[in-house]
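Each chain, letter by letter, is given below.
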Amino acid sequence: MPQHKSAAKRVRTSAKRRERNKANKTRLKNIVKKVRETKDKEQATKIFREATALLDKLADKGVIHKNKAANQKSKLAKVINKLQEEKKA
């Protein structure tokens, strides 16, 4: 139990932030999964743009590390490029 007024406020604010971060991370996991599961290149590219924007936003806010965002964008781009190759073959 917090002994000071400021400590009580800290508990409240950190709880709010934890919930918000948790929701954002779940949203991110779902959109990344959606990109990986999509077989249509155009659809995957559209979802990839949304995922990229979300990754950048979360990295800027400090929810995830900027290098993690960069790595995930790179891996998703590889998945989309592979879809393109499969279409040609």
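Remember, it's a predicted structure, so these values are computed and weren't measured experimentally.

(A) Spatial organisation of the overall build of the chain. In terms of helices and strands, the chain carries three helices and zero strands. For the chain, whose C-alpha radius of gyration is 18 Å, the value lies well above the compact-globule estimate of 12 Å for 89 residues. Here the chain holds 89 residues, and 24% of them are scored as buried. Residue pairs at least 24 apart in sequence account for 58% of intrachain contacts in the chain once pairs closer than 6 positions are excluded. In the structure as shown, the chain presents an accessible area of about 7200 Å², 49% of it carried by carbon and sulfur atoms. Each charge sign in the chain was given a centre, from 29 positive and 9 negative side chains, and these centres are 12 Å apart.

(B) The environment of N30, seen in detail. You can see N30 is positioned in helix 1 (residues 5–37). In sequence terms N30 and A51 are 21 residues apart; their C-alpha atoms lie 9.5 Å from each other.

(C) Molecular detail of a positive patch on the surface. Taken together, the side chains of K9, R10, R12, K16, R17, R20, R27, K57 and K61 define a basic patch exposed on the protein surface. Within the residue set of the positive patch, elements represented by two or more residues are helix 1 and helix 2 (41–61). Per element, the largest residue contribution to the positive patch is seven residues, and it comes from helix 1. With respect to the secondary-structure elements, R20 resides in helix 1.

(D) Structural context of the nonpolar core. Core analysis: the largest hydrophobic core is formed by 18 residues, its most contacted members being L28, I31, V35, L58, I64 and L76. Broken down by secondary-structure element, the contributors of at least two residues to this core are helix 1, helix 2 and helix 3 (66–88). Considering each element in turn, this core owes the most residues, eight residues, to helix 2. Once you skip the residues sitting within four places of it in the chain, I31 turns out to touch I47, E50, A51 and L54.

(E) Focus on the pattern of salt bridges. Taken as a whole, this structure holds one salt bridge when the rule is applied. D56 is paired through a salt bridge with K73; the nearest N and O atoms lie 2.7 Å apart. A residue pair is termed long-range when its members are at least 10 positions apart, and D56 in helix 2 and K73 in helix 3 qualify at 17 residues. The partly exposed category is assigned to D56, whose relative accessible area is 32%.

So, how was this worked out
- In this numbering scheme, every chain counts its residues from 1 along its sequence in written order.
- Restriction of local features to residues with pLDDT of at least 70 applies here, the model being predicted, together with a cutoff of 80 or more for giving and counting side-chain atom pairs; totals for whole chains, interfaces and linings are based on all residues.
- Just so you know, side-chain values use all the structure's heavy atoms and leave hydrogens and water out.
- Runs of H or I in DSSP of at least four residues are treated as helices and runs of E of at least two as strands, each being numbered from the N terminus.
- What the globule rule says is 2.2 Å times the number of residues to the power 0.38, and the radius of gyration is computed from C-alpha atoms.
- Three labels apply to residues, based on accessible area from a 1.4 Å probe with only protein chains included: buried if under 20% of the type maximum, exposed if over 50%, partly exposed otherwise in between.
- Every residue pair with non-hydrogen atoms within 4.5 Å of one another is taken to be in contact.
- To measure how exposed things are, a 1.4 Å probe is used in the Shrake-Rupley method; for residues, cover is taken only from the protein chains shown.
- Charge counting follows a simple rule: Lys and Arg are positive, Asp and Glu are negative, and His as well as the terminal groups are ignored.
- A single reference atom marks each charge: NZ on Lys, CZ on Arg, CG on Asp, CD on Glu.
- Every patch collects residues that have over 30% relative accessible area and no salt bridge, joining them within 9 Å if they carry like charges and within 5 Å if they are nonpolar side chains (Val, Leu, Ile, Met, Phe, Trp, Tyr).
- The salt bridge criterion pairs a side-chain nitrogen of Lys or Arg with a carboxyl oxygen of Asp or Glu, the two atoms within 4 Å.
- Only buried residues count toward a nonpolar core. Its members are Ala, Val, Leu, Ile, Met, Phe, Trp, Tyr and Cys residues joined through side-chain atoms within 4.5 Å.

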